[in-house]
Amino acid sequence: MAQFIDRRLNPKDRSLANRRRFIRRVRGAVKKAVDASVQKRGIADVDRGESVTVPGGDIHEPTFHIARDGGHREHVLPGNRAYRKGDRIDKPPGGAGAGREGAPEGEGEDSFLFVLSRDEFLDLFFEDLELPDLIKRSMKQTESHKPRRSGLSVTGSPANLSVQRTMRNSIGRRIALKRPKNEHVEELREEMRRLELTLDPDDKTGWARLERLRAQIDLLVHRQKRIPFLDPLDVRYRFFEMQPEPTANAVMFCLMDVSASMGEREKDLAKRFFTLLHLFLKRRYDKVELVFIRHTHQAHEVDEETFFHSRDSGGTVVSTALIEMKRIIDERYAPSEWNIYAAQASDGENYSGDSAKCVGILNSGLMKLCQYFAYVEIIDKDEALILTNNGNGTELWRSYLEVAANWPNFALKRVAKRSDIYPVFRELFSTEAETSDG
Amino acid sequence: MARAAKRGGLLFDGSDWDFDTLWRTYDVIEEIAQDDLGLDLYPNQIEIISSEQMLDAYSSVGMPLMYHHWSFGKQFIFHERQYRKGMRGLAYEIVINSSPCVSYCMEDNTMPLQALVIAHAACGHNHFFKNNHLFRQWTDAEGILDYLDYARGYIQNCEERHGPAEVEQLLDAAHALMSSSIFRHRRPPTPSMRAEKERERKRSEEAERAVHYLWSTLDQGGKSKGSTEEADEYKSKMHLPEENILYFIESYSPALKPWEREILRIVRNIGQYFYPQQQTKIMNEGCACFVHYHILNRLHQTGRITDGAMLEVLHNHTNVLTQPVFDDPRYGGLNPYAIGFAMMQDIQRICLEPTEEDRHWFPEIAGCRDWRNVLKQAWEGYRDESFVQQFLSPKVIRDFRMFALTEDAGTDWYTVSGIHDEAGYQTVRDTLERIGDLSLSQPIIQVIDVDLLGDRVLHLQHRKVAGVPLDDADAKATLQHCKRLWGYEVKLAESSASDPG
């Protein structure tokens, strides 16, 4: 006798709960590994899982078991070729023992390697980072509605019948109205049948009793009929209301100086920063639109490819990019509907006198529109050694310091090498120290 | 159509399977198992699962239901990695000692492989589970799935009430002691769900009374004069020494709450359930391999499967039964499948075509021709060590070219104590038997003393066999867990008991 069951459609990932528990347990080690791995690999690759090595200590499961060496031991091995009784065989170096059969299960547990999924990785990666300003939730033209449970109703489609609630009402009503129970009626009927079979025709009291029983049963059945088991009054349906779903939209402006002074290294660093910010925003918003604005002495909106890879020649006028950004916001991204984020990367060079203009533009309007504006200045490694003091720096840097003083949602940081990016990013968005130290 | 298949003809052609084919093939296989081999089977429940689900099943020690714990997540990740890297294939099947006997077959298996798996698991293992005396004595096939269900629900409930961290710590500690918490000599009461629920109810009632009998002894400080007698009385009640540490802690720990005791009980019950499997690796796998080999050969001889299918079956059969020699890089110990199968094949040969040597070694069965019954009795009445001692024949030792080694602490060489020759057969056999004896590969730890009225230190003792010590670092860590459960100091001593044999 056998039974075949197709389990293939059962939910997968039965072990997910165990996996979560495992990751929670090794959280410390995993976190360290995630941070370290970000230093090593390209930010552009962040959007992937990561294999993590966890030291065995955290997840070691000790038991009482015998040691690998010591004492008198015996082994049986297969495949003898030339040995005879009494031969001596040298132990292999390392004392691993000839047969591994005695080795405990935990062997080789010194460190434990596993792969984090993309989501698990990003969760840890962005752990305790928060967006600096509240998200504006607004409705775009495409309003979406979602059905949401809201109580019960007396009408509805059979699919939404709430059996539990219906039966609860039914029981209450039956008890209140004293509906006769089926078992009770059945009992009386049984007694009546017994009487009918055994009754002596002359037994008057017996007949009277039978008569009474009949009447009683009739009454009960009648009552049962009048008080139905399930009354339309009892029926309840789960009620759903269509509620508009607020959709939060975000747009991220990437502003970059592409004049000749920005080499491949600078662009690469800028790109890493932009990518990181984009990833971060994507986790908060369903959809994030990207706008790329590059500038020399004039600014253009371009596509991503051009933004990062093509060169342009000319002077450097930063304010053009800000003007272009303002224009695009006015044209396409009404601040009432969009959460606007901006990230600007530059080497700090600017046409003299233009920096003041930039400050003017930011102060006079742009900062009010933005949720957050981050400025990253990319400097040389040598410069980084000199520029330890925040107060020093290029004209642009010094001007932007003024802006930061006025606007809490403006932040600026210096970046000199790849490994700076992630710490700087963390600093910008960490929940504890929100605003930059400028 | 199924009828036609019953009478003869090919059961299937090609490698694709569907449920009709499985049914048809199962019926024929079961017929051979019952009518030809005379196997006695639990009803079968064969479940088709995907490879991910197989990985899932791996991680919870092969059980279909298990409570949640991070260590199972670790297992899962470990197996998954090995599988993804191609370091290891997945098992074709997993079979559970329950009634009905549940076996999992992977959907990726080809039809010949499914037939192999059905013969192997649903017939071979199934018969072994139902008939071997260890399983009959120690496990409750009817109740296990219910019990696991109860266990999972209970632990989940505890997590809700007392917090996952608390429960996790407790399970960590319990798992550490799991392998030292097995009744090896007396039969544990069979867990059934209703009895367990009843038990749990009583336990919480006790908790409401909130007074452990120990505390009542605290109040009567003045009476401590006669406490040695009292202590002796407790001790005699505790049946010391006790080999089952968790059982002892569950019963007598002054620190545990009722729900904690219940979880300890769950863990040790599950540990106990797997005890027979550890003792019968060679026999269990040997039995299953022998059965599938016999059945599929029979199918092939009677023209029910094609030559191609048989070749695929043999290919897989050989893969599983490979025994690399000791200096091969693939060598990882003796392969229980290979030894079990070889020994059982050899029993068949001895019964049918004995040599002079066999008549000398196995006078009772040599040439008796009734190999079916000899094997069935072996499957029923033995465990690995006794099976090896009784049936390991010189021919098998020769075929495997087995040799026995001894080593002593402090030397850097092994001594060959016996090889596959006239003088060595008995040595090899005895050595293999001793290795199969779990008491040598698993340390014997007992609770020997505790003074519940005094300092409450729990004294454990490790009985050293042949001078083999415990792994020190692990023993210390395990003691920490033990302390957490017991609530007071725990001490581990070693006794250099003489050789057990």
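Cut-off values and rules
- Residues numbered from 1 in each chain as written.
- Chains lettered and ligands numbered in written order.
- Predicted model: local features only at pLDDT ≥ 70, side-chain atom pairs only at ≥ 80, totals over all residues.
- Heavy atoms only, no water.
- Helix = DSSP H or I, 4+ residues; strand = E, 2+ residues; numbered from the N terminus.
- Buried < 20%, exposed > 50% of the residue type's maximum accessible area, 1.4 Å probe, protein only.
- Contact = heavy atoms within 4.5 Å.
- Areas by Shrake-Rupley, 256 points an atom, 1.4 Å probe, with all protein chains shown as cover.
- Core = buried A, V, L, I, M, F, W, Y, C linked by side-chain atoms within 4.5 Å.
- Domains from an automatic or database assignment.
- Phe/Tyr/Trp six-rings, centres within 6.5 Å; stacked < 30°, edge-to-face > 60°.
- Lys NZ or Arg CZ within 6 Å of the ring centre and 35° of its normal.
- Pairing = 2+ DSSP bridges.
- Axes fitted to C-alpha atoms, helices over the stretch in contact; angles between N-to-C directions.
- Buried area = accessible area lost by both parts, 1.4 Å probe.
- Salt bridge = Lys/Arg side-chain N within 4 Å of Asp/Glu carboxyl O.
- Polar contact = N/O pair within 3.5 Å; in protein donor to acceptor, adjacent residues only side chain to side chain.
- Right-handed = clockwise from strand over helix to strand, strands pointing away.
- Lys, Arg positive; Asp, Glu negative; His and termini not counted.
- Arc of directions from axis to C-beta.
- Parallel < 35°, antiparallel > 145°, perpendicular 65-115°, else oblique.
- Nonpolar A, V, L, I, M, F, W, Y, C, P; charged D, E, K, R; others polar.

(A) Quick peek at the overall build of chain A. Scanning chain A from terminus to terminus reveals 14 helices and 13 strands. Residues counted as buried form 45% of the 438 residues belonging to chain A. Contacts in chain A between residues at least 24 apart in sequence constitute 81% of all its contacts with a sequence separation of at least 6. Carbon and sulfur atoms make up 51% of the accessible area of chain A, which amounts to about 23,500 Å² in all.

(B) Geometry of the overall build of chain B. The secondary structure content of chain B amounts to 23 helices and eight strands. The buried share of chain B, reckoned over its 501 residues, is 54%. Sequence separation of 24 or more characterises 75% of the internal contacts of chain B that already satisfy a separation of 6 or more. A total of about 21,200 Å² of accessible surface is found on chain B, and carbon and sulfur atoms cover 49% of it.

(C) Quick peek at the nonpolar core. Residues and elements named next belong to chain B. By size, the foremost hydrophobic cluster in this structure holds 79 residues, and its most contacted members are Ile295, Leu296, Trp379, Phe391 and Met402. Here this core gathers at least three residues from each of two domains, domain 1 (2-132 + 280-312) and domain 2 (321-439). In this structure, Phe391 is in contact with Met343, Ile347, Phe362, Ile365, Val374, Ala378, Tyr382 and Arg429, ignoring residues within four places of it in sequence. Residues Met106, Leu148, Trp259 and Ala475 belong to the second largest nonpolar core, which totals 58 residues.

(D) Just the packing of aromatic side chains, in detail. Tallying each qualifying case throughout the model produces 29 aromatic pairs over all chains. With a centroid separation of 6.1 Å and an interplanar angle of 90°, the aromatic rings of A:Phe4 and B:Tyr26 are classed as edge-to-face. Of this pair, A:Phe4 sits in strand β1 (residues 2-6) while B:Tyr26 sits in helix α2 (residues 19-36), on two different chains. Within the aromatic cluster, the residues linked to one another by ring pairs are A:Phe373, A:Tyr375, A:Trp397, A:Tyr400 and A:Phe410. Taking NZ or CZ as reference, A:Arg174 lies 3.9 Å from the ring centre of A:Phe229, over its face.

(E) Representation of the sheet that holds strand β13 (residues 410-415) of chain A in the model. All names here are of chain A. Sheet architecture is open: six strands sit in the order β10-β9-β8-β11-β12-β13, paired in mixed fashion. The two strands at the open ends of the sheet, each matched to only one other strand, are β10 (299-302) and β13. When the angles between neighbouring strand axes are averaged without regard to direction, this sheet yields 20°. Alignment of strand β11 (residues 338-346) against strand β12 (residues 372-378), held across six bridges, turns out to be parallel. In the sheet register, Tyr341 faces β12, and the bridge partner there is Tyr372.

(F) Structural context of the interface of chain B and chain A. Between chain B and chain A, the residue contacts involve 100 residues of the former and 63 residues of the latter. Three residues stand out in chain B for area buried against chain A, namely B:Trp70, B:Lys74 and B:Tyr414, and they jointly supply 10% of the buried area on that side. The tally of links from chain B across to chain A stands at seven salt bridges. The tally of links between chain B and chain A comes to 32 residue pairs in polar contact (both at pLDDT 80 or more). With eleven residues, the single largest contributor to the side of chain B that touches chain A is helix α4 (residues 70-84) of chain B. Summarising the sheet, strand β4 (residues 88-90) of chain A and strand β5 (residues 413-418) of chain B pair through three bridges and their orientation is antiparallel. Considered in β5(B), the bridge of A:Arg88 is made with B:Thr415.

(G) Layout of the pairing of β11(A). Residues and elements named next belong to chain A. Within β11, nine of the nine residues are buried, leaving the element largely enclosed by the surrounding structure. Side chains Trp338, Ile340, Ala342, Gln344 and Ser346 of β11 all project onto a buried face; the interleaved residues Asn339, Tyr341, Ala343 and Ala345 project onto the opposite face, where all are buried too. Pairing of strand β8 (residues 249-257) with β11 involves eight bridges; the strand directions are parallel. When the sheet's bridge partners are listed, Val251 is paired in β11 with Ile340. Considered for its hand, the β-α-β crossover made up of β11, helix α11 (residues 354-369) and β12 is right-handed.

(H) Summary view of the side chain of A:Arg174. All names here are of chain A. Secondary-structure assignment places Arg174 in helix α5 (residues 163-176). Among buried Asp, Glu, Lys and Arg side chains, Arg174 stands out as unpaired, with Asp234 the closest opposite charge at 6.3 Å. For Arg174, the contacting residues outside a window of four places in its chain are Met167, Arg179, Pro228 and Phe229.

(I) Looking closely at the pattern of salt bridges. Following the criterion strictly, the structure yields 34 salt bridges over all chains and no others. In this structure, the salt-bridge partner of A:Arg25 is B:Asp172, at a minimum N-O distance of 2.9 Å. Pair noted here: A:Arg25 is in helix α1 (residues 16-25) and B:Asp172 is in helix α8 (residues 164-178), and the two residues belong to different chains. Classification of B:Asp172 by relative accessible area gives buried; the value is 11%. Put simply, B:Arg398 and B:Glu357 hold a salt bridge, and the shortest N to O gap is 3.0 Å. Linking B:Arg398 in helix α20 (residues 394-400) with B:Glu357 in helix α17 (residues 356-361), this pair joins segments that are 41 residues apart in sequence.

(J) Structural detail: helix α19 (residues 384-391) of chain B. Within α19(B), burial applies to B:Asp384, B:Glu385, B:Phe387, B:Val388 and B:Phe391. For α19(B), the angular spread of buried residues about the axis comes to 165°, placing them on one side.

(K) Structural detail: the packing of helix α7 (residues 144-162) of chain B against α8(B). Residue and element names in this part refer to chain B. Look at α7 against α8: their axes get within 7 Å of each other, and the N-to-C directions meet at 130°. In this view, α7 runs oblique relative to α8, as classed from their interaxial angle. Note on element contacts: α8 touches α7 through Pro164, Glu166, Val167 and Leu171, opposite Ile155, Cys158, Glu159 and His162. Of the residues in the contact of α7 with α8, the class split is five nonpolar, one polar and two charged.

(L) Inspection of the side chain of B:Gln348 at higher detail. When you line up the elements, B:Gln348 lands in helix α16 (residues 336-352). Contact partners of B:Gln348, with chain neighbours within four places excluded, come to B:Phe290 and B:Trp371.

(M) Broad picture of the pairing of β5(B). As judged from the three bridges shared by strand β4 (residues 403-407) of chain B and β5(B), these two strands associate in the antiparallel manner. Within β5(B), the position partnered with B:Thr406 by the bridge is B:Thr415.

(N) Highlighting the sheet that holds β5(B). Here four strands make up an open sheet; going across it, the order is β3(A)-β4(B)-β5(B)-β4(A) and the pairing antiparallel. Looking at strand neighbours, the two that pair on one side only are β3 (73-77) and β4 of chain A, the edges of this open sheet. Sheet twist, expressed as the average angle between the axes of neighbouring strands with direction ignored, equals 35°. In this sheet, β4(B) lies alongside β3(A) in antiparallel orientation, the contact comprising five bridges. Directly across from A:Glu74, in β4(B), lies its bridge partner B:Thr406.

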